[in-house]
Amino acid sequence: MQAVVRRIKFDFLTALVGGTAAGLAIFLVATQISPKLAVLATVGLGATAVILINPLWGYYLTALLIPVERFGRLTEDTSEFTVSIMRMVGLVTLGALLLHAAIRKWRVRFGVAFWLYSTYTLLAIVSLTYTTDFYGTVRACGQIVGNLLFFFLILNIVNDFKLARRGVILWLAATTVIALYTTFDWHFGKERIVESAIGAAGTRFQAVHLDSSEWEESLTGVWRAIGSTSHSAVYGINLILTLPFFAFFLSRGHLSRHWRIVLFLSLLVVLYNILLTNTRSVMLVAMLVLILSLVRRLLVVRFSAVLSALVLAVIALPFVNYPILQRVLELRNYTYRRSSTLRLRLSYWDAGLRVAENSWLFGIGVGNKNEIPRYLKHARAPEQTTVHNEYLQTFMELGIIGWLTHFAFVFLLLLYGILAVRILRSLNVEPEQQWFLTACQIAMIAVLVYGVQCDVFRFPLKGWWLVAGLTCILHEQAWLRLRESRRQPPQASGEGAAV
């Protein structure tokens, strides 16, 4: 009887969603709106209805949209408020979750990590009152609030390891598709986007950037893969964050042989895109992540995999344009003398230290890009820029109080991952979950290292926020397991109580 009732409800909801979507499509066509807009609106309404019925579908769709970024933005990147498909899906999912929580009386999760980042968010909003870059601070505050809402969503919609695993799989799948698209655009695309055009609607789907910033090394500029992002550094860290999870599924996840082959080929595509970013810091941090994965035994290297990778590399060798990739392939380009970017960055850090010295208590306001150029002495100083160092940037923006709040949050999450693994290991349970948490730890360490040469948390780093939320959930579940094990009385046997 219950099965019949569920079937009737499903048929009713299907008819409701389908009928409403069809009705909207007819209405939009009748009002002479463009067919493209009519289709998008109809699909959007249908997706909204499905998410309202079951918020889990919103979680799956959000995970799938994590790497889309610039491809899914509906406004220019320079807009005061950025509107994107992912933000819309995230807000609908959050609304659906809160609606279901109110009706079904679910317990809403917050936790220490959430309140720490909420404090940081409040400090960022307060900095609007004294910043010298009001619109930059408004944009930064919007991104920070978005991060907080996304973190809250993950905390409250994921309630077991299976959901965490599925979300990461969807994230890896979408990343692979974008990497394939970028590879195609690199080899067969006819246009290369210049820096001034990045973020414009007309160049939305161009994935390769012609960078002339290192004018001392190349008069014609270098090619950089930016994928679906606005910069090769952002694309690079997005790819790097996936590496520990590729390692997890290849070596420690319970997958069939066919899926392992698919994952292996996907990993090779992602690694090739890391090379195509043509960015030295991306190469170095990617190598660090792979080494950490090997040291932590998250990644198990098999002879067959190495041989297959070498064969594919030899086959792909004729298609690699060495002069374009010379920047990252030659070791001498990693030296101070050969890197104008490194020299310029050191001058930024020097300027940032002087800014921080003058505003050490409350900072200059989040997202403030007006101060650093005032302290730069060389002629090519940009009108607006950041200091390109996460640790110094955070100190500059919100002073010592904001710095301590932000990094207390970040290191607490890393600690959660370490403690959860130790708890599960002590209980001798969930080996797959232990390895998954190890992948989370390596991803977080990668971001901390990457932050030395760029303000990484100012990126739309939704992959990291997914990992952060999942780490909190799995840590909470590990503690619940520990408490339950302590409450259980020892089981009796024929020879006495078991130890």
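Computed from a predicted structure; not experimentally measured.

Quick notes on the rules
- Every residue gets a number counted from 1 within its own chain, in the order that chain's sequence is written.
- Whole-chain, interface and lining totals are the exception, using all residues; otherwise, since this is a predicted model, local features are given only for residues with pLDDT of at least 70 and side-chain atom pairs are given and counted only at 80 or more.
- Only hydrogens and water are set aside; all other atoms, that is, all heavy atoms of the structure, feed into the side-chain values.
- Each helix corresponds to a stretch of at least 4 residues labelled H or I by DSSP, and each strand to a stretch of at least 2 residues labelled E; elements are numbered beginning at the N terminus.
- To estimate the expected span of a helix, subtract one from its residue number and multiply by 1.5 Å.
- Bend is computed residue by residue as the angle between axes fitted to the seven residues ending at the residue and the seven residues starting at it.
- Identification of polar contacts relies on pairs of N or O atoms within 3.5 Å, with a donor-acceptor requirement for protein atoms, meaning one able to donate a hydrogen and the other able to accept it, and with residues adjacent in sequence counted only if both atoms are side-chain atoms.
- Each residue is placed in one exposure class: buried if its accessible area under a 1.4 Å probe, protein chains only, is under 20% of its type's maximum, exposed if it is over 50%, and partly exposed if it falls in between.
- Values of pLDDT, the confidence the predictor places in each residue, fall between 0 and 100.
- By definition, residues are in contact when any of their heavy atoms lie within 4.5 Å.
- We count a salt bridge whenever a side-chain nitrogen from Lys or Arg sits within 4 Å of a carboxyl oxygen from Asp or Glu.

**Student:** What is the right way to read helix α15 (residues 390-427) from this model?
**Tutor:** Because each turn of an α-helix spans 3.6 residues, side chains separated by three or four positions in sequence point in the same direction. Look at α15: only 37 Å from first C-alpha to last across 38 residues, short of the 56 Å you get at 1.5 Å a residue. Along its length, α15 shows its largest kink, about 125 degrees, at Gly399. The N-capping residue of α15, defined by a side-chain oxygen 3.0 Å from the backbone nitrogen of Tyr391, is Asn389. A positive phi of about 60 degrees marks Asn428, the residue just after α15.

**Student:** How do you make sense of the side chain of Thr279 when you look at a structure like this?
**Tutor:** Secondary-structure assignment places Thr279 in the loop between α9 (257-276) and α10 (280-295). Thr279 sits in the buried class, given a relative accessible area of 9%. Within polar-contact distance, the side chain of Thr279 engages the backbone oxygen of Thr277 at 2.8 Å.

**Student:** So what exactly am I meant to see when it comes to the confidence of the model for the protein here?
**Tutor:** Note: predicted coordinates in regions of low pLDDT should not be interpreted at a detailed level. Considering every residue of the protein, the mean pLDDT works out to 82; 78% of them sit at 70 or more. Here residues 4-12 scores under 50 on pLDDT; set against residues more than four positions off or in separate chains, the count is 0 contacts. In this model, residues 215-219 is a region of pLDDT below 50 whose contacts with residues beyond four sequence positions or in other chains number 8 contacts.

**Student:** Any chance you could explain the pattern of salt bridges here in plain terms?
**Tutor:** Between side chains of opposite charge, pairing is possible as soon as their charged atoms come close. Inspection of every chain in the model, using the stated rule, returns 8 salt bridges. The salt bridge involving Glu432 is made with Arg165; its shortest N-O contact spans 2.8 Å. Of this pair, Glu432 sits in helix α16 (residues 431-450) while Arg165 is found in helix α7 (residues 161-188), placing the two residues 267 residues apart along the sequence. For the pair Glu432 and Arg165, a shared accessibility class is recorded, and that class is buried. Across the pair Arg458 and Glu390 runs a salt bridge, and its minimum N-O distance is 2.3 Å. Here Glu390 lies in helix α15 and Arg458 lies in the loop between α16 and α17 (462-487), a separation of 68 residues in the sequence. Looking at Glu390, the relative accessible area reads 1%, which means it is buried. Through salt bridges that share partners, Arg107, Arg109 and Glu476 make up one connected network.

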